Amino acid sequence: MLLNRRRFMQSATLGTAALCVGARQEPASNLEHTITTISGKPRERGRQYGAQFKEAIHGFLNKEIYSSFIGKPNAKETILRFAGACTKAVKEYSPLIYGEMEGMAEGTGLTIEEIVLVTNHEELWHRGVIKATNHCTVFGAAPPDTRDGDTFVGQTWDWMESVYGVSSMLHWKRPEGPSLLAYSYPGLWTGAGLNTAGLALCWHSGGGDGKEPRVGIPAYVLIAQILYQDTFKGALEEVRRATHAGWFVYLLGDGQGNLATIRGTPKKLDIILDATANGGRLRAAGDAKVDLARMQENCPKVKAKTTIDAMVFNCAKKEAYVTRRAGGVTPWKKFTF
């Protein structure tokens with residue numbers, strides 16, 4: 001399956017925008033992804049994460065939320081009011097995640113509304129006036145098209161140049177359910193990821209159906225809830241149960257060969273199992289089956305300066321591979337549980 005944000009935008013949808021181009025090519029030794037382990041019960045995890053990334057979360061909130069969206073066209077009071085309403089929705093939908101976010105507030109010294117506001121970045125982007133340019137590509141492959149019977153989910157991550165080099169990996173250890181290898185940004189602890197049950201999720205933004213998000217579950221919070229599940233069916237049930245706030249196109253896969261495209265807007269939700277209707281799923285070429293190398297090669301080679309990172313998750317082997325600039329700056333780095 002191949003879902004390209006630029007083509008998706010041309011069919012009445014929008015992808016996550018990048019703010020500027022012309023990135024520096026820093027030495028790879030300074031940019032390889034690191035991994036941080038966060039463990040404990042939900043509130044303890046949140047507090048630990050908030051304290052460890054306190055400065056970075058404050059920086060993301062000030063630069064990527066307040067500086068980017070206040071007056072464009074939102075007043076600070078308006079976006080905080082929206083975040084406050086979403087906070088109540090999160091508490092009702094997932095008390096567990098609400099507990100994590102309460103811990104994050106304690107660890108950072110921010111209010112819980114500000115913690116939720118960070119996770120509202122996608123919804124705020126749709127309310128703002130930032131111009132769309134290049135967009136992420138999401139792709140996957142599953143049996144019978146893969147060499148070893150594995151299921152792969154991957155993407156390029158095209159975003160604001162201001163956050164280039166900021167992403168890292170988290171080992172989010174959860175005693176109450178599956179643990180995660182999460183691709184993360186400050187305050188966005190699950191931007192994409194893979195869990196110990198073999199579920200993996202990559203995504204890009206969506207569009208259509210109006211210009212205003214509704215009060216509900218932010219896209220980044222919903223990603224966490226999906227990856228906290230131990231079955232493909234359970235993950236889809238959590239998606240259906242949520243009143244999601246905005247726009248997204250998720251690609252969900254598991255180690256049993258299941259793939260689904262999940263499209264949400266404030267007005268509707270569509271789940272396409274296997275997603276062959278999109279016509280972009282990676283297929284075997286004759287006797288040449290899809291493998292890790294082909295998945296990595298499918299990532300554009302720095303064709304857009306807005307490509308921040310790229311990632312491939314092997315659901316069957318429970319392996320994550322991440323690189324800066326789609327392999328153009330750092331080598332692919334492997335992470336496992």
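Our subject is the structure listed above.
Residues numbered from 1 in each chain as written. Predicted model: local features only at pLDDT ≥ 70, side-chain atom pairs only at ≥ 80, totals over all residues. Heavy atoms only, no water.

A. Representation of unusual backbone geometry in the model. Here the residue pair Pro143 and Pro144 is connected by a cis peptide bond, since its omega of 10 degrees sits within 30 degrees of zero. By secondary structure assignment, the location of Pro144 is in the loop between strand E3 (137–141) and strand E4 (152–158). Its identity as a non-glycine residue notwithstanding, Lys318 has a phi of 55 degrees, on the positive side. Looking at the element boundaries, Lys318 is found in the loop between strand E12 (307–314) and strand E13 (319–324). On the basis of relative accessibility, which here comes to 31%, the residue Lys318 falls in the partly exposed class. (Helix = DSSP H or I, 4+ residues; strand = E, 2+ residues; numbered from the N terminus. Buried < 20%, exposed > 50% of the residue type's maximum accessible area, 1.4 Å probe, protein only.)

B. Structural detail: the side chain of Thr108. Within the fold, Thr108 resides in helix H5 (residues 95–108). A distance of 3.2 Å separates the side chain of Thr108 from the backbone nitrogen of Leu110, its partner in a polar contact. With sequence-adjacent residues up to four places away left out, Thr108 is seen in contact with Gly50, Lys54, Ile57, His58 and Ile115. (Polar contact = N/O pair within 3.5 Å; in protein donor to acceptor, adjacent residues only side chain to side chain. Contact = heavy atoms within 4.5 Å.)

C. Inspection of the nonpolar core at higher detail. With 85 residues, the main nonpolar core has Trp157, Trp159, Trp189 and Tyr250 as its most contacted residues. The biggest single contributor to this core is helix H8 (residues 219–227), with 8 residues. Listed in part, the 10 residues of the second largest apolar core include Val290, Cys299, Ala310 and Val312. (Core = buried A, V, L, I, M, F, W, Y, C linked by side-chain atoms within 4.5 Å.)

D. Inspection of the environment of Ile223 at higher detail. With respect to the helices, strands and loops of the structure, Ile223 is situated in helix H8. For Ile223, a relative accessible area of 0% puts it in the buried group. Those residues in contact with Ile223 that sit more than four places away from it in its chain are Thr190, Gly191, Leu201, Trp203 and Tyr250.

E. Here's a closer look at the pairing of strand E6 (residues 180–185). Counting buried residues in E6 gives 6 out of 6 residues, a clear majority hidden from the surface. Neither face of E6 is left uncovered, since the one carrying Leu180, Ala182 and Ser184 and the one carrying Leu181, Tyr183 and Tyr185 both have all their residues buried. Both strand E5 (residues 168–172) and E6 contribute to a ladder of 5 bridges, which runs antiparallel. Its bridge partner being in E6, Ser168 is matched across the sheet by Ser184. The pairing of E6 with strand E7 (residues 188–195) spans 5 bridges and is antiparallel. Paired with Tyr185 across the strands is Leu188, a residue of E7. Connecting the antiparallel pair E6 and E7 is a turn made up of 2 residues, with Gly187 showing a positive phi of about 90 degrees. (Pairing = 2+ DSSP bridges.)

F. Broad picture of the sheet that holds strand E10 (residues 259–265). Taken in spatial order, the 8 strands of this open sheet run E2-E5-E6-E7-E8-E9-E10-E11, and their pairing is mixed. Looking at the sheet topology across the chains shown, the edges are occupied by strand E2 (35–38) and strand E11 (268–273). Strand-to-strand twist in this sheet, taken as the mean axis angle between neighbours without regard to direction, amounts to 30 degrees. In terms of strand pairing, strand E9 (residues 248–253) meets E10 through 6 bridges, oriented antiparallel. From the neighbouring strand, Leu252 faces E10, where its bridge partner is Ala260. Of the strands in this sheet, E5 and E7 are in contact with H5, which crosses E7 at around 135 degrees. (Axes fitted to C-alpha atoms, helices over the stretch in contact; angles between N-to-C directions.)

G. Region of interest: helix H3 (residues 54–69). Here H3 spans 21 Å end to end across 16 residues, near enough to the 22 Å set by a 1.5 Å rise per residue. Largest kink in H3: about 25 degrees, centred on Asn62. Buried residues of H3: Ile57, Phe60, Leu61, Glu64, Ile65, Tyr66, Ser68 and Phe69, and no others. Just downstream of H3, Gly71 is the residue with a positive phi angle, here 80 degrees. (Expected span 1.5 Å × (residues − 1). Bend = angle between axes of the 7 residues up to and from the residue.)

H. Inspection of the pattern of salt bridges at higher detail. In this structure the tally under the stated criterion is 15 salt bridges. Between Glu102 and Arg43 there is a salt bridge, and its shortest N-O distance comes to 2.9 Å. With Glu102 in helix H5 and Arg43 in helix H2 (residues 42–52), the pair connects residues that are 59 residues apart, well separated along the chain. Glu106 is the partner of Arg43 in a salt bridge, and the nearest nitrogen-oxygen pair spans 2.3 Å. Remark: Glu106 occurs in helix H5 and Arg43 occurs in helix H2; sequence separation between them is 63 residues. Residue classification places Glu106 among the partly exposed residues on the basis of a relative accessible area of 38%. Salt bridges sharing partners connect three or more residues here, namely Arg43, Arg47, Glu102 and Glu106. (Salt bridge = Lys/Arg side-chain N within 4 Å of Asp/Glu carboxyl O.)

I. Broad picture of the packing of aromatic side chains. Taken as a whole and judged by the stated rule, the model has 13 aromatic pairs. Among the aromatic side chains, those forming a connected cluster through ring pairs are Phe60, Trp157, Trp159, Tyr183, Tyr185, Trp203, Tyr220, Phe248 and Tyr250. A cation over an aromatic ring shows up here: Lys76 above the ring of Tyr66, its NZ or CZ 4.5 Å from the ring centre. Positioned above the aromatic ring of Tyr164, the side-chain terminus of Arg325 is 3.7 Å from the ring centre. (Phe/Tyr/Trp six-rings, centres within 6.5 Å; stacked < 30°, edge-to-face > 60°. Lys NZ or Arg CZ within 6 Å of the ring centre and 35° of its normal.)

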